[in-house]
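Descriptive structure summary
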Amino acid sequence: MSPLEGKSIVVTGAAGGIGTPVSRLLRERGARVIGIDQVKPTECDEAVVTDLGDDEALRALCERLGSETPDILVNVAGVMKFGLHETQSLETLALCYRVNLLVPAALAQAVAGPMRARGAGQIVNIGSVLGSIPYPWFAAYSSSKAGLAALSQALRREFAGSGVAVTHVNPRAARTAFNSGEVDRFLAFAGMKADDPEWVAQRIVGAIAARRPLLSIGVMERVFAALNALAPAMIDNGLKPQVRRAHAAFS
């Protein structure tokens, strides 16, 4: 029997390139999935169409999750804007930080009390390798995902011994519509690997089922993340030639 059998699971970004296969795989393992997105998700048992960028909509969703708390909350929804930080509008920055960090924090806050009271539950945050290896041209995205990683770690410590698990997953880039044409061109330019979304979803669902605290996808990505934490100047120096070429190609 799957450990997800009979579980109620809320998935944000359930209509997206990663959220769709994640929702389907969760259902295949016997879960009841409530999908949240701006458009109706196709692989869920119940759909909640809402705008996470709207204050009132977010407040209403938090109230619902506080009173109808799922067994598992999976924060997949995200926003990524490509370009030099100085070219980003205030509205673009606000949306990126809101959807990538404020929304997961608010939804986690909504379910935290009820999960703790019943002594069971799981909060899953989908971050990014760019949160542990902050990358030029992705400053807002990288920093918002770094914040999400810190949120996950802090919550894990808060919930210690409570029966509530916190899972944080750091995927690499995936081949989805989440990437603009310019992002795809940058990935090719930088030699970054883009994974098949179905494979990424399988890894995410596996981490959820195993209640893993942390999953970072990619051996070399884990190595570079460790180097960036211990000796960031090494990463700075390694990126300098690429950054010079990127300024010529993308600025």
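The coordinates are above.
Residues numbered from 1 in each chain as written. Predicted model: local features only at pLDDT ≥ 70, side-chain atom pairs only at ≥ 80, totals over all residues. Heavy atoms only, no water.

1. With respect to the overall build of the protein
A count of helices and strands for the protein gives eight helices and nine strands. Rg of the C-alpha trace for the protein: 18 Å, near the compact-globule value of 18 Å for 251 residues, within the 12% margin. Taken along its principal axes, the extent of the C-alpha atoms in the protein is 55 × 35 × 30 Å. Burial statistics for the protein: of 251 residues in total, 48% are counted as buried. Of the contacts made within the protein by residues no fewer than 6 positions apart, 68% connect residues no fewer than 24 positions apart. Working note: accessible area of the protein is about 11600 Å², and carbon and sulfur atoms make up 55% of it. (Helix = DSSP H or I, 4+ residues; strand = E, 2+ residues; numbered from the N terminus. Rg over C-alpha atoms; globule rule 2.2 N^0.38 Å. Buried < 20%, exposed > 50% of the residue type's maximum accessible area, 1.4 Å probe, protein only. Contact = heavy atoms within 4.5 Å. Areas by Shrake-Rupley, 256 points an atom, 1.4 Å probe, with all protein chains shown as cover.)

2. Regarding the sheet that holds strand β1 (residues 8-12)
One open sheet holds the seven strands; their spatial order is β3-β2-β1-β4-β5-β6-β9, and the pairing between them is parallel. On the outer flanks of this sheet lie β3 (46-49) and β9 (214-216), each paired with one strand and no other. In this sheet, adjacent strand axes meet at a mean angle of 15 degrees when their direction is disregarded. The pairing of strand β6 (residues 164-170) with β9 spans three bridges and is classified as parallel. Across the sheet, the residue bridging to His168 is Leu214, located in β9. (Pairing = 2+ DSSP bridges. Axes fitted to C-alpha atoms, helices over the stretch in contact; angles between N-to-C directions.)

3. What about the nonpolar core?
In this structure, Leu65, Leu107, Trp137, Phe138 and Phe186 are the most contacted members of the largest nonpolar core, which totals 50 residues. Only β2 (32-37), α2 (55-67), α3 (90-118), α4 (139-158), β6, α5 (181-190) and α8 (232-250) provide two or more residues apiece to this core. The element contributing the most residues to this core is α3, with eleven residues. (Core = buried A, V, L, I, M, F, W, Y, C linked by side-chain atoms within 4.5 Å.)

4. Section: the environment of Phe82
Along the polypeptide, Phe82 turns up in the loop between β4 (72-75) and α3. Put simply, Phe82 and Val11 are 71 residues apart on the chain and 25 Å apart in space, counted from C-alpha to C-alpha.

5. What to know about the side chain of His168
The topology assignment puts His168 in strand β6. Here Asn170 takes part through its side chain, which lies 3.0 Å from a polar atom of the side chain of His168. (Polar contact = N/O pair within 3.5 Å; in protein donor to acceptor, adjacent residues only side chain to side chain.)

6. Regarding the packing of aromatic side chains
Under the definition given, this model contains one aromatic pair. When the centroid spacing of 5.3 Å and the interplanar angle of 65 degrees are considered together, the rings of Phe82 and Phe138 count as edge-to-face. Of the two residues, Phe82 sits in the loop between β4 and α3 while Phe138 sits in the loop between β5 (121-126) and α4, which places them 56 residues apart along the sequence. (Phe/Tyr/Trp six-rings, centres within 6.5 Å; stacked < 30°, edge-to-face > 60°.)

7. Brief notes about α8
Along its length, α8 shows its largest kink, about 45 degrees, at Lys240, and proline Pro241 lies within four residues downstream of that point. Where α8 is buried, its residues meet α5 and α7 (219-230). (Bend = angle between axes of the 7 residues up to and from the residue.)

8. Here's the deal with the side chain of Ser23
Relative to the assigned elements, Ser23 resides in helix α1 (residues 19-28). Classification of Ser23 by relative accessible area gives buried; the value is 0%. From its side chain, Ser23 meets the backbone oxygen of Gly19 in a polar contact 2.8 Å long. Leave out the neighbours within four places in its chain, and Ser23 touches Val11, Ala14, Val33, Glu43 and Cys44.

9. Details of the environment of Ile72
With respect to the element layout, Ile72 can be found in strand β4. Between the C-alpha atom of Ile72 and that of Ala146, which follows or precedes it by 74 residues, the distance is 22 Å. Ile72 has contacts with Leu4, Ser8, Ile9, Val10, Met115, Gln122, Val124 and Ile208, leaving out every residue within four places of it along the chain.

10. Details of the pattern of salt bridges
Within the structure shown, the criterion is met by eleven salt bridges. Glu28 is paired through a salt bridge with Arg24; the nearest N and O atoms lie 3.4 Å apart. Taken together, the residues span about one helical turn, with Glu28 and Arg24 both in helix α1 at a distance of four residues. Given a relative accessible area of 57%, Glu28 falls into the exposed group. (Salt bridge = Lys/Arg side-chain N within 4 Å of Asp/Glu carboxyl O.)

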